[in-house]
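Read off the chains here:
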Amino acid sequence: MVKSGKYFLYLKQLIKIWETLMVNLIGTYECKADVKGRVMVPAALKKQLLPVASSGFIIKRAVFQPCLELYPMEEWNALMEKMNSLNRFNRKNVDFIRRFTAGVKQVELDATGRLNIPKDLADFAGITKEITISSAINIVEIWDKSKYEQAIDDAANDFADLAEEVMGDANASDGIS
């Protein structure tokens, strides 16, 4: 009986680990930041983040857009493992690592479900009060609301071409749509 109990606990731990590795976030949410830079994470998103919240998060500047990216710790660690394989005797690799990790901060949800956005990162993204939190598969983007709306509007005309270029492999039998 003791062995089966230990096996059950072990299986339960494996399932929890597996679930944390399978983060696929859904939704776009509008919220407000308070004067201290704290944002109440919407309940629907908080529920999705619950399996990974205990490990904390990494928040950083986005590479291509004026927004922030929030990585669950497991996602960040997987990304760092890839980056750690880069040859550090290649100057471009070293420059990339330095720029990619510039301003990176570790954050957690507080007891009330708020996320504190560090001031330097909020300044980078132009975040003041009105913000948009948007899921991006396994990470979360945090935008100033007006910048998010402008980015969506700017991309609207080009989205069909972009979708075809990125997802439209004519030889693929598992196409989307």
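Refer to the structure above for everything that follows.
Residues numbered from 1 in each chain as written. Predicted model: local features only at pLDDT ≥ 70, side-chain atom pairs only at ≥ 80, totals over all residues. Heavy atoms only, no water.

Moving on: the overall build of the protein. Broken down by element type, the protein carries seven helices and eight strands. Taking contacts inside the protein between residues at least 6 apart in sequence as the whole, the part at least 24 apart equals 58%. Surface summary for the protein: the accessible area is close to 12,300 Å², and the carbon and sulfur share equals 58%. (Helix = DSSP H or I, 4+ residues; strand = E, 2+ residues; numbered from the N terminus. Contact = heavy atoms within 4.5 Å. Areas by Shrake-Rupley, 256 points an atom, 1.4 Å probe, with all protein chains shown as cover.)

As a further point, take the nonpolar core. The biggest cluster of nonpolar side chains holds 26 residues, and the ones touching the most others in it are Ile59, Leu68, Leu70, Ile117, Ile127 and Ile142. Those elements that place two or more of their residues in this core are strand 1 (28-32), helix 2 (43-53), strand 3 (57-61), strand 4 (68-72), helix 5 (119-125), strand 7 (130-136) and strand 8 (139-144). The biggest single contributor to this core is helix 2, with four residues. Among residues more than four places away in sequence, those in contact with isoleucine 59 are Leu68, Glu69, Leu70, Gly103, Val104, Lys105, Val107, Ile117, Pro118, Leu121 and Ile142. (Core = buried A, V, L, I, M, F, W, Y, C linked by side-chain atoms within 4.5 Å. Buried < 20%, exposed > 50% of the residue type's maximum accessible area, 1.4 Å probe, protein only.)

Right, let's get into the packing of aromatic side chains. Aromatic rings considered in pairs are described by the distance between their centres and by the relative angle of their planes. Tallied over the full model, the rule gives four aromatic pairs. The interplanar angle of 70 degrees and the centroid separation of 5.6 Å between the aromatic rings of tryptophan 143 and tyrosine 148 together place this pair among those described as edge-to-face. Take tryptophan 143: its relative accessible area is 3%, and that puts it in the buried class. Here the aromatic cluster, defined as three or more aromatic residues joined through ring pairs, consists of Tyr71, Trp76, Phe96 and Phe100. Positioned above the aromatic ring of phenylalanine 124, the side-chain terminus of arginine 61 is 5.6 Å from the ring centre. (Phe/Tyr/Trp six-rings, centres within 6.5 Å; stacked < 30°, edge-to-face > 60°. Lys NZ or Arg CZ within 6 Å of the ring centre and 35° of its normal.)

Attention now moves to the pairing of strand 7. Of all seven residues in strand 7, five are buried, a share of seventy percent or more. Where strand 1 lies against strand 7, five bridges are found, and the strand directions are antiparallel. Residue pairing for strand 7: glutamate 30 is matched across the bridge by threonine 132. Pairing of strand 7 with strand 8, which is carried by six bridges, proceeds in the antiparallel orientation. Across the sheet, serine 135 pairs through a bridge with valine 140, a residue of strand 8. In sequence, strand 7 turns back onto strand 8 through a hairpin of two residues, with isoleucine 137 there showing a positive phi of about 65 degrees. (Pairing = 2+ DSSP bridges.)

The buried count for strand 3 comes to four of five residues, which makes it a mostly enclosed element. Where strand 3 lies against strand 4, five bridges are found, and the strand directions are antiparallel. Bridge pairing links phenylalanine 57 to proline 72 in strand 4. Hairpin geometry of strand 3 and strand 4 is characterised by an intervening segment of six residues between the two adjacent antiparallel strands. Looking at chain direction, strand 3 and strand 5 (residues 105-107) are connected through three bridges and run antiparallel. Across the sheet, the residue bridging to isoleucine 58 is glutamine 106, located in strand 5.

Take the sheet that holds strand 1 next. Whether parallel or antiparallel, the strands of a sheet pair through hydrogen bonds between backbone atoms. Spatially, six strands are ordered 1-7-8-4-3-5 in an open sheet, and the strand pairing comes out antiparallel. Strands at the two margins of the open sheet, each flanked by one partner only, are strand 1 and strand 5. The average undirected angle you get between the axes of adjacent strands in this sheet is 30 degrees. Helix-sheet contacts for helix 3 (residues 73-84) involve strand 3, strand 4 and strand 5, and the interaxial angle to strand 4 is about 95 degrees. (Axes fitted to C-alpha atoms, helices over the stretch in contact; angles between N-to-C directions.)

Let us now look at the side chain of threonine 132. Position of threonine 132 relative to the elements: it lies in strand 7. Judged by relative accessible area, which is 2%, threonine 132 ranks as buried. Once residues within four sequence positions are removed from consideration, threonine 132 is found in contact with Thr28, Tyr29, Glu30, Glu141, Ile142, Trp143, Lys145 and Tyr148.

A few words on the pattern of salt bridges. Applying the stated criterion across every chain yields a total of eight salt bridges. Salt-bridge contacts for aspartate 120 lead to lysine 105; the nearest nitrogen and oxygen are separated by 2.9 Å. You can see aspartate 120 sitting in helix 5 and its partner lysine 105 sitting in strand 5, a full 15 residues away along the chain. By relative accessible area, which is 29% here, lysine 105 ends up partly exposed. For aspartate 110, the salt bridge identified is with arginine 114, shortest N-O distance 2.8 Å. Since its relative accessible area comes to 29%, aspartate 110 is described here as partly exposed. (Salt bridge = Lys/Arg side-chain N within 4 Å of Asp/Glu carboxyl O.)

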